[in-house]
Amino acid sequence: MNIVAIIPARKGSKGIKNKNIILYKRKPLFYHSIKSALKLKKINKVLVTTDSKKYKSLAESFGAEVILRPEKISRDNSLEKEFLVHAYNHLKKKKYIVDLFILLRPTCPDRDIKDLRKALNISIKNFQNYSSLRSVQKLHNP
């Protein structure tokens, strides 16, 4: 089974300029998603999809492969589906068939690796029965 961790990191952001490379614990924000993905032995490929050559260079230095995506699918109103299909088609052209994507958004840098492993195992076990799995967490008011 070919499992690809995909990390979306476009340069534009409505609220925070260059959000995905802002330092968090002295590393760019998307570094933490790359690091988490590289820890998961069942993942065959860690892929960052971006519209930035600067982000591309940084992501590669952290051990990820990178696909540069076109501006038309890197806008504020672009759909998640667009970069996923773009990445899938890019890999397919290279004769790499993806069985399962695990989407790791850079804006969740403190995810628990045990929870990630558990979710991945659930996805693999139920691969034939379900098309997606999404994690959520209840927020507590202080």
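Up top is the structure.
Let me sum up the structure you'll find in this document. (Residues numbered from 1 in each chain as written. Predicted model: local features only at pLDDT ≥ 70, side-chain atom pairs only at ≥ 80, totals over all residues. Heavy atoms only, no water.)

## Points about the packing of aromatic side chains
Here is step 1 of the chain: A full pass over the atoms with the stated rule returns three aromatic pairs.
Here is step 2 of the chain: Each ring, one from phenylalanine 30 and one from phenylalanine 62, has its centre 6.4 Å from the other, and the planes form 85 degrees; the classification is edge-to-face. Of this pair, phenylalanine 30 sits in helix H1 (residues 29-39) while phenylalanine 62 sits in the loop between helix H2 (53-61) and strand S5 (65-68), placing them 32 residues apart in sequence.
Here is step 3 of the chain: Between tyrosine 31 and phenylalanine 62, the ring centres sit 4.9 Å apart and the planes meet at 70 degrees, which makes this aromatic pair edge-to-face. Taken as a pair, tyrosine 31 in helix H1 and phenylalanine 62 in the loop between H2 and S5 lie far apart in primary sequence, 31 residues in all.
Here is step 4 of the chain: Sitting over the face of the ring of tyrosine 31, lysine 27 holds its NZ or CZ atom 5.2 Å from the ring centroid.
Here is step 5 of the chain: The side chain of lysine 45 reaches across the aromatic face of tyrosine 96, ending 4.5 Å from its centre. (Phe/Tyr/Trp six-rings, centres within 6.5 Å; stacked < 30°, edge-to-face > 60°. Helix = DSSP H or I, 4+ residues; strand = E, 2+ residues; numbered from the N terminus. Lys NZ or Arg CZ within 6 Å of the ring centre and 35° of its normal.)

No statement about biological role is implied by the geometric values presented.
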